[in-house]
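Below, each chain spelled out in residue letters.
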Amino acid sequence: MFVQIELGFLASQFSGAFTFARYLPAYLMAHQFSSGVFCYNKPAWHKLGLVVDGTLPARVAFSLAKADFQVAGRAVYDQDIRTIPGYQAITRLDTGRTLSVMTSSYTPIQNESLIQIAEALHEDINLDAVCVLEEGKRVTFTAQIIGAEGDVVPGDPVRQYLIGCTSHDGSIPFQLLFSPIRVVCQNTLSAALGLANRQHHRDDSIRIRHTRNAASLIERLPELIDLKRKRFISGLDELKHMAHTPCNLLQFRNYISNVFADQLQGTVNESRGNKNTARPKVLEDLPAWSNLLLKYEGAAIGSDLPASRGTVWSAYQAVTEYISHDSGRTKDPVEAARKRFESMYFGQASEILNKAHQVAISI
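Here is a short report on the structure shown in this document. (Residues numbered from 1 in each chain as written. Predicted model: local features only at pLDDT ≥ 70, side-chain atom pairs only at ≥ 80, totals over all residues. Heavy atoms only, no water.)

## Notes on the overall build of the protein
- Looking only at helices and strands, the protein features nine helices and 14 strands.
- The 363 residues of the protein split such that 50% are buried.
- Long-range pairs, those at least 24 residues apart, make up 61% of the contacts in the protein between residues at least 6 apart in sequence.
- Total accessible area on the protein is roughly 16,500 Å²; 51% of this is exposed by carbon and sulfur atoms. (Helix = DSSP H or I, 4+ residues; strand = E, 2+ residues; numbered from the N terminus. Buried < 20%, exposed > 50% of the residue type's maximum accessible area, 1.4 Å probe, protein only. Contact = heavy atoms within 4.5 Å. Areas by Shrake-Rupley, 256 points an atom, 1.4 Å probe, with all protein chains shown as cover.)

Encoded structure:
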């Protein structure tokens with residue numbers, strides 16, 4: 001039903017468990033994909049890059065993805081071919097392409113550090129994807145954490161990933177993320193970074209300011225991965241509990257009333273503009289209600305899985321699909337998707353998704 005893929009369904013963690021929300025459409029941003037390799041015969045949504053069966057050793061994957069290049073600082077010149085002091089052009093050595101202009105104090109972290117981390121963790125992870133974005137300005141890998149996968153109901157798998165990324169234009173720091181998002185393009189990298197930077201998920205990312213910190217980080221990573229694996233299993237148990245808890249129509253109405261309680265406060269006029277016809281709001285006054293009800297009754301994507309019908313899991317998914325795919329009143333689809341994306345990570349939608357999860361596990 002709600003399979004987590006890079007541009008289908010986004011699994012995001014709230015309060016130590018997993019919340020599932022439909023991810024933003026691919027047209028929201030340019031993918032900025034330049035080269036890459038994708039394992040397990042799973043191509044990216046943009047259908048670019050090399051697709052292979054199974055996984056690959058880190059160094060082989062980076063080589064096939066053309067992500068094992070080095071960068072170096074080169075002199076910057078003005079229009080009269082005079083050197084501009086205090087600046088350097090960060091240049092990709094294999095192609096000669098200038099990726100950015102930085103101050104002289106900037107020290108690039110080579111892609112080799114990403115390779116070494118992935119190699120050091122070969123007993124805990126299986127490499128899933130390596131991507132070069134915007135001609136090398138950003139490089140990232142995604143790896144499946146061994147033992148951090150499972151089905152909520154049969155046919156509805158979830159998975160936890162380790163993501164490593166760096167930039168050669170100062171746009172993002174060298175960092176590692178624990179995320180349910182498979183990074184295959186700029187879209188999904190932005191989503192993973194946005195999720196990791198949220199208040200509830202700041203412990204899901206590790207940043208390295210200097211190359212000398214990489215060695216000490218590698219020593220700590222197996223312990224951190226084991227901790228994330230245990231949290232994943234605990235979160236999966238919560239989701240399975242939702243999937244095994246019945247939820248009839250009356251219970252669904254109560255669930256939605258609790259999740260959207262703030263929007264159901266106050267009164268509404270039976271006759272528009274006539275305060276004498278004011279009455280307390282009911283579910284049918286909620287703009288989202290008809291959409292939510294249709295999803296709960298079987299219109300949601302993947303709701304044909306029998307094991308999820310009539311459960312708290314299906315009620316919960318009705319909310320997450322509405323929030324991530326249908327909410328908002330903007331007519332332009334791109335603008336609507338942008339607003340949903342921002343709201344899911346930084347605004348009211350984030351609060352609704354969090355509450356939907358908390359109410360669901362309390363039933």
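## Side note on the environment of Ser-167
- Position of Ser-167 among the secondary structure elements: in strand 10 (residues 157-167).
- By relative accessible area, Ser-167 is classed as buried at 3%.
- Each C-alpha atom, one on Ser-167 and one on Leu-99, is 9.4 Å from the other, the two residues being 68 residues apart in sequence.
- Apart from residues lying up to four places away in sequence, Ser-167 is in contact with Tyr-106, Lys-137, Arg-138 and Ile-172.
- Within the local environment of Ser-167, its side chain forms a polar contact with the backbone nitrogen of Ser-171, the two atoms lying 3.4 Å apart.
- Only 2.6 Å separates the side chain of Ser-167 from the backbone oxygen of Ile-172, close enough to count as a polar contact. (Polar contact = N/O pair within 3.5 Å; in protein donor to acceptor, adjacent residues only side chain to side chain.)

## A word on the pattern of salt bridges
- Going through the model one piece at a time under the given rule, you end up with 17 salt bridges.
- Here Glu-321 ties to Lys-295 by a salt bridge, and the two come within 2.9 Å at their closest N and O atoms. Of this pair, Glu-321 sits in helix 7 (residues 312-326) while Lys-295 sits in helix 6 (residues 289-299), and the two are 26 residues apart along the sequence.
- Glu-321 gets classed as buried once you look at its relative accessible area, which sits at 4%. (Salt bridge = Lys/Arg side-chain N within 4 Å of Asp/Glu carboxyl O.)

## Quick word on the packing of helix 6 against helix 7
- Where helix 6 meets helix 7, the closest approach of the two axes is 9 Å, and the angle between their N-to-C directions is 130 degrees. It follows that helix 6 is oblique to helix 7 by the angle criterion. The two elements helix 6 and helix 7 meet at a crossing, and its hand is right-handed. The residues of helix 7 that touch helix 6, namely those facing Asn-291, Leu-292, Lys-295 and Tyr-296, are Ser-314, Ala-315, Ala-318, Val-319, Glu-321, Tyr-322 and Asp-326.
- In the contact of helix 6 with helix 7, the residues fall into six nonpolar, two polar and three charged. (Axes fitted to C-alpha atoms, helices over the stretch in contact; angles between N-to-C directions. Parallel < 35°, antiparallel > 145°, perpendicular 65-115°, else oblique. Left-handed = near helix turned anticlockwise from the far one by under 90°. Nonpolar A, V, L, I, M, F, W, Y, C, P; charged D, E, K, R; others polar.)

## Topic: the side chain of Arg-229
- Secondary-structure assignment places Arg-229 in helix 4 (residues 213-243).
- A polar contact is formed between the side chain of Arg-229 and the backbone oxygen of Ile-146, at a distance of 2.6 Å.
- Those residues in contact with Arg-229 that lie beyond four places of it in its chain are Asp-124, Ile-145, Ile-146, Gly-147 and Ala-148.

## What about the nonpolar core?
- Ranked by size, the top nonpolar core spans 72 residues in total, and within it Val-130, Phe-141, Phe-252, Tyr-255, Ile-256, Leu-292 and Val-319 carry the most contacts.
- Setting aside anything within four residues of it in sequence, one finds Val-130 in contact with Ser-35, Gly-36, Val-37, Ala-61, Phe-62, Ala-65, Ala-67, Thr-140 and Phe-141.
- Listed in part, the 17 residues of the second largest apolar core include Phe-38, Cys-165, Ile-181 and Val-184. (Core = buried A, V, L, I, M, F, W, Y, C linked by side-chain atoms within 4.5 Å.)

## A word on the packing of aromatic side chains
- For the structure on display, the rule yields five aromatic pairs.
- For the ring pair Trp-313 and Tyr-316, a centre distance of 6.0 Å and an interplane angle of 50 degrees mean the geometry is tilted. Within this pair, Trp-313 and its partner Tyr-316 are both found in helix 7, separated by three residues, close to a single helical turn. The pair formed by Trp-313 and Tyr-316 is uniform in burial state, with each residue classed as buried.
- Among the aromatic side chains, those forming a connected cluster through ring pairs are Phe-252, Trp-289 and Tyr-296. (Phe/Tyr/Trp six-rings, centres within 6.5 Å; stacked < 30°, edge-to-face > 60°.)

## Looking at the packing of helix 5 (residues 249-259) against helix 6
- For the pair helix 5 and helix 6, interaxial distance at closest approach is 12 Å and the crossing angle is 140 degrees. It follows that helix 5 is oblique to helix 6 by the angle criterion. Where helix 5 crosses over helix 6, the two elements pack in a sense that is right-handed. For the pair helix 5 and helix 6, the contacting residues are Leu-249, Phe-252, Arg-253 and Ile-256 in the first and Trp-289, Leu-292, Leu-293 and Tyr-296 in the second.
- Tallied by class, the residues present in the contact of helix 5 with helix 6 amount to seven nonpolar, no polar and one charged.

Fair warning: the whole summary comes from geometry, so function is off the table for now.
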